[in-house]
Amino acid sequence: MAKENEIKTKIKETKATTATKAPTDKSSDKKSQAEKVVAKKPNVSVSSIKDRIDKKRLKTTIGIALILLSFYLFLSCFSYLFTWEEDQNRVLNTGLFQLLFDQNPEPVANWFGKFGAWISHLLIFNWFGLASFALGFFTFVVGLRVMLNYRIFPLRQTTAVVALSLVWFSILFGFFADSVNYLGGSFGFYINEWLSLSLGKFGSLIFILVLGYIFLVILFNPDFKALLQKFKGSMSENEDETPPDAENVNLADLRIVNTIKDDQIAKDDVRGAVLFDEDEDGEDDDDLTDEELSFTVKKEAVKKDDNDDFEIEIPQEEKLVDLKKDDSLEVEIPENDQELTDTDLNALQKEFGNYDPKLDLASYVLPPIDLLKEYGNGGVSVNKQELEDNKNKIVETLSHYKIDIAKIKATVGPTVTLYEIIPAPGVRISKIKNLEDDIALSLSALGIRIIAPIPGKGTIGIEVPNSSPEMVSMRSLIASEKFQNSDYELPIVMGKTITNETFVFDLTKMPHLLVAGATGQGKSVGLNAIIISILYKKHPSQVKFVLVDPKKVELTLYNRIERHFLAKLPGEEDAIITDTSKVVNTLNSLCIEMDNRYELLKTAQVRTIKEYNEKFVSRKLNPEKGHRYLPYIIVLIDEFADLIMTAGKEVEHPIARIAQLARAIGIHLIVATQRPSVNVITGMIKANFPARIAFRVLSKIDSRTILDASGADQLIGRGDMLISTGNDLKRLQCGFVDTPEVDEICAFIGDQRAYPDAMILPEYTAEGADGNSDVDIDDIDVMFVDAARIVVLHQQGSASLLQRKLKLGYNRAGRIVDQLEGFGIIGPFQGSKARDVLFGDEVALNEFLMVKGLV
């Protein structure tokens, strides 16, 4: 009976619980939904608040607050040294809020009130004593760094120095204190009390000195041997009372300081890389020493007599030799210049140190990563339902054609998902490849690309665009470990692969790059990504750009870095080339630079620019013989089709020369076009551009013209691209960098100290441009000078203008125009366009005419 009663009670309890579960569950569901709705609202407001916050203003506000706090701490502690006896009773064993809200009307003696008395008592009496002043200094350094992004000292080293100084000076001052006071504070007194009990008074002093020596070695690692030798040298100079004569001057001690002004050097030495607060090697930049900013010049001491201060030489009359009586002939054979041995060269290198091309702009700072924006969530969102549906549709479509699949695998990328299929034995690959349109129809996708087979794998790949593609930001690419730790000469990060892997390549291995695609598919963004990659990795002394922009709007943002990274022809105002005639001259000038560099490599007996620069840096090449440090030159042409239409062979010929020969001497071409036709991308161009990037094109013919393979017509646009490095073909999602980001990066670089001018390329004179050889001064028309002034005044070089102004006939005006062209006053004939006037005002014209003797 008892068991039956227990069973009945359990049944009643279960019914009661089941009866009460349904309404509670519904209510709980309603509560959870309401909580979700409520929880969503503050998230939206928080994100909107974050968007409204200006990071620069926030940094400035925090920096000013830290600087004011540092002054407050320093002056409060300084006031404590004079007022501690009066405030001791008020602040001893008293909390901050108890002191601030104390009803005692008597004021404290500290200059900064109750809080100043409390904080100074805490720092000096309760903590580290006089060493606490270092905290105010550290707060000032941090505040200056946050507000102005300016480093007085490296932040890591400053933190270590301040921390160890607090400990050691507190212990040292506490050694001389008889009780807890302002000398060493509580920390120093109790540490010394423990040391004296353990080691004795004398032993604790030795321990403190040894601890100070250990801290000194850890922080600064001084060379005591060099200091001792310097001290001995100064002592020996003090003992010698005689003034130094010319004989005692050691010319080997003369130092030629870098041409940077002293006040600029003081500013440059304390600046370092901002990117990640570290330089490329992951360490903070130390201050430049005098040895890095100077080099030693050795000369032989001038031999002089022992008695005389200077040597007087009196020329004697030459004796005439009678050649008839004296038939002897004295022959003097000049000796070759003595060459230094390898040991001498190594000793010279150790004495001078390696040449550093960065010293001219030693204060240059790489752009910080904060200038780039983060787009998207920075990762890949996986929609498992979408993957499952696509997998089922692919399998179903293949089963309709009686194609069995052994295994299928999905790899999710930012914009495309790769489905790898292992077909059953006996299935032909071509049968699957022919079903490209059928699979695209079943998936309702923008474009399907089948890779049959995938190189290096025994699978067939089907690339399916994601329904919600992710945007790849340039910030995530620049901040990637693969790019930051790359040891390439010219590293370029373009985007991410299907496997969400950052794709980095070396431009020097390409060695030239062809970029093509239809309008609006991301070509200009890709060019900006290439330039930004170089700017975030290289110093201005290592790389120079030659930018050609026929559209005049795409690359104008880089005008601000002209004196840092750009190269131009002599006499040009703008470094970014927009005129077709100047493009021809620039390319021919680069051919001259190429030939000059090959001559330097020939005399240096090296094969590549890398070997040449290594030899020059190790001081094995003499600058007096024309050797110099050679930066890489990247020639970027934004719209190549426009140049071919306007200039034709004049452009194609120098580009072909540079593409064929310039790889070894560090000149690399990046050619972009939106018209991938065979008239533009000729066989000569394709043969010398094995590395090609194709954005979305409109037809398979265009794809084959660019890549020699189909696939670019199946891309989905918006930065989706294929890159061919000769053998392999990879699909990437190009990193997105917006125009304001490029503007901020160029502004950051342009505001820094730069070279006096852009890199000047060799001067090139076109054939027939220097017309002085064809014009005889004796045959110049008597109205030539007046005609030149009229042309310059009106800035119009035409025969009709001279006919009207000078009342000349057509034939005579035409001859004067030819003479003006021959003297370089006006430009050549341009068809329907007016001739260019090459002088801006009459002052420059008069100086030119005076030099030519025409005035």
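Everything numeric in this text was worked out from a predicted model, so none of it was measured. (Residues numbered from 1 in each chain as written. Predicted model: local features only at pLDDT ≥ 70, side-chain atom pairs only at ≥ 80, totals over all residues. Heavy atoms only, no water.)

Undergrad: Which parts of the structure should I look at to understand the overall build of the protein?
TA: Within the protein one finds 28 helices and 17 strands. When each of the 855 residues of the protein is scored for burial, the buried share is 42%. Across the protein, every contact between residues at least 6 apart in sequence was considered, and the portion connecting residues at least 24 apart equals 68%. Accessible surface, the protein: about 50,200 Å² in total, of which carbon and sulfur atoms supply 54%. (Helix = DSSP H or I, 4+ residues; strand = E, 2+ residues; numbered from the N terminus. Buried < 20%, exposed > 50% of the residue type's maximum accessible area, 1.4 Å probe, protein only. Contact = heavy atoms within 4.5 Å. Areas by Shrake-Rupley, 256 points an atom, 1.4 Å probe, with all protein chains shown as cover.)

Undergrad: Honestly, the pairing of strand β12 (residues 632-637) in this entry has me stumped. Any pointers?
TA: Consecutive side chains along a regular strand alternate between the two faces of the sheet. For β12, the tally of buried residues reaches 6 of 6 residues, placing the bulk of the element in the interior. Neither face of β12 is open: one carries Tyr632, Ile634 and Leu636, the other Ile633, Val635 and Ile637, and all of them are buried. As judged from the 6 bridges shared by strand β10 (residues 543-548) and β12, these two strands associate in the parallel manner. Among the inter-strand pairings, Lys544 is bridged to a residue of β12, identified as Ile633. In this sheet, strand β13 (residues 667-673) lies alongside β12 in parallel orientation, the contact comprising 5 bridges. The partner of Leu636 across the bridge, within β13, is Ile670. (Pairing = 2+ DSSP bridges.)

Undergrad: For this particular structure, what's the right way to read helix α7 (residues 185-220)?
TA: An α-helical turn contains 3.6 residues, so any two residues separated by three or four positions project in the same direction. Taking 1.5 Å of rise per residue, 36 residues should cover 52 Å, yet α7 covers just 27 Å from first to last C-alpha, more than 12% shy of that figure. Most pronounced at Leu199, the bend in α7 amounts to some 110°. Turning to α7, its buried residues are Gly185, Ser186, Gly188, Phe189, Asn192, Leu195, Ser204, Ile208, Leu211, Gly212, Phe215 and Leu219. Next to the buried residues of α7 lie α4 (113-128) and α6 (155-175). The first or second residue beyond α7 is Asn221, which carries a positive phi of 50°. (Expected span 1.5 Å × (residues − 1). Bend = angle between axes of the 7 residues up to and from the residue.)

Undergrad: What's the story with the sheet that holds strand β4 (residues 416-423) in this structure? I'm lost.
TA: Sheets are built from strands paired through backbone hydrogen bonds, the pairs being either parallel or antiparallel. Spatial strand order, β3-β4-β6-β5: 4 strands in an open sheet with antiparallel pairing. Each having just a single partner strand, β3 (405-412) and β5 (449-451) make up the two edges of the open sheet. Averaged over all neighbouring strand pairs, the angle between strand axes comes to 20°, with direction disregarded. As defined by bridge partners, β4 adjoins strand β6 (residues 460-465) across 6 bridges and the pair is classed as antiparallel. Considered in β6, the bridge of Ile421 is made with Ile460. Packing against the sheet, helix α11 (residues 384-400) makes contact with β3, β4 and β6, and its axis sits at approximately 40° to β4. (Axes fitted to C-alpha atoms, helices over the stretch in contact; angles between N-to-C directions.)

Undergrad: Please explain the side chain of Ser132 as it appears in this structure.
TA: With respect to the secondary-structure elements, Ser132 resides in the loop between α4 and α5 (133-148). Those residues in contact with Ser132 that sit more than four places away from it in its chain are Leu123, Ile124 and Leu166.

Undergrad: I keep staring at the packing of helix α18 (residues 580-604) against helix α21 (residues 649-661) and nothing clicks. Help me out?
TA: Helix packing geometry: the angle between the two helix axes and the distance between the axes. At their nearest, the axes of α18 and α21 sit 9 Å apart, and the two run at 25° to each other. One element, α18, and the other, α21, form an angle in the roughly parallel class. Classified by chirality, the crossing of α21 by α18 is left-handed. Contacts between α18 and α21 involve Val584, Leu587, Asn588, Leu590, Cys591, Met594, Asp595 and Tyr598 on the former and, on the latter, Glu650, Val651, Pro654, Ile655, Arg657, Ile658 and Leu661. (Parallel < 35°, antiparallel > 145°, perpendicular 65-115°, else oblique. Left-handed = near helix turned anticlockwise from the far one by under 90°.)

Undergrad: Looking at this structure, I do not really get a nonpolar patch on the surface. What am I missing?
TA: Judged by side-chain polarity, Phe202, Ile206, Val210, Tyr213, Ile214, Val217 and Ile218 come together as a nonpolar surface patch covering roughly 670 Å² of accessible area. Inspection of the secondary structure assignment puts Tyr213 in helix α7. A relative accessible area of 47% places Tyr213 in the partly exposed class. (Patch = residues over 30% accessible without salt bridge, like charges linked within 9 Å, V, L, I, M, F, W, Y side chains within 5 Å. Salt bridge = Lys/Arg side-chain N within 4 Å of Asp/Glu carboxyl O.)

Undergrad: Help me understand the packing of aromatic side chains, please; the structure alone is not making it clear to me.
TA: Within the structure shown, the criterion is met by 20 aromatic pairs. Here Phe71 and Phe140 contribute two aromatic rings whose centre-to-centre distance is 5.9 Å and whose plane-to-plane angle is 80°, an arrangement assigned as edge-to-face. Linking Phe71 in helix α2 (residues 55-91) with Phe140 in helix α5, this pair joins segments that are 69 residues apart in sequence. Ring geometry for Trp127 versus Phe128: centroids 6.4 Å apart, planes at 65°, classification edge-to-face. Residue class for Trp127 comes out partly exposed when judged on its relative accessible area of 39%. (Phe/Tyr/Trp six-rings, centres within 6.5 Å; stacked < 30°, edge-to-face > 60°.)

Undergrad: Would you mind showing me how to read the pattern of salt bridges here?
TA: For side chains of opposite charge, pairing can occur when their charged atoms come near one another. Counted according to the given criterion, the structure contains 23 salt bridges. Of the charged contacts, one joins Lys610 and Glu489 as a salt bridge, the two residues approaching to 3.8 Å between their closest N and O atoms. Here Glu489 lies in the loop between α15 (481-484) and β7 (491-497) and Lys610 lies in helix α19 (residues 609-617), a separation of 121 residues in the sequence. Under the relative-accessibility criterion, Lys610 is labelled partly exposed at 42%. A residue is classified by how much of its surface remains accessible, and Glu489, at 23% relative accessible area, is partly exposed. For Asp638, the salt bridge identified is with Lys551, shortest N-O distance 3.9 Å. Separated by 87 residues along the polypeptide, Asp638 in the loop between β12 and α20 (640-646) and Lys551 in the loop between β10 and α17 (562-565) bring together distant segments of the chain.

Undergrad: Could you clarify how one ought to interpret the nonpolar core in this entry?
TA: Generally speaking, nonpolar side chains in soluble globular proteins are found buried as a group. Leu535, Phe545 and Tyr558 are the most contacted members of the largest nonpolar core, which has 113 residues in total. Considering each element in turn, this core owes the most residues, 9 residues, to α18. In this structure, Tyr558 is in contact with Asn528, Ile531, Ile532, Leu535, Leu547, Leu566, Ile576, Val742 and Cys746, ignoring residues within four places of it in sequence. In terms of nonpolar packing, the next biggest core, distinct from the first, is built from 26 residues, Leu801, Val817, Ile825 and Phe839 among them. (Core = buried A, V, L, I, M, F, W, Y, C linked by side-chain atoms within 4.5 Å.)

Undergrad: How should I be thinking about helix α26 (residues 799-806) in this particular structure?
TA: Buried residues of α26: Ala799, Leu801, Leu802 and Leu806, and no others. One face of α26 carries all of its buried residues, which in axial projection span an arc of 155°. Where α26 is buried, its residues meet α25 (784-794) and α27 (810-822). Lys807, located one to two residues past α26, shows a positive phi value of around 60°. (Arc of directions from axis to C-beta.)

Undergrad: Honestly, the sheet that holds β13 in this entry has me stumped. Any pointers?
TA: Strand order across the open sheet formed by 9 strands is β8-β7-β16-β15-β14-β9-β13-β12-β10, with mixed pairing between neighbours. The sheet is open, and its two borders are formed by β8 (502-506) and β10, each paired with just one other strand. When strand polarity is set aside, the average angle formed by the axes of neighbouring strands in this sheet is 30°. α18 contacts β10, β12 and β13 of the sheet and is inclined by roughly 155° relative to β12.

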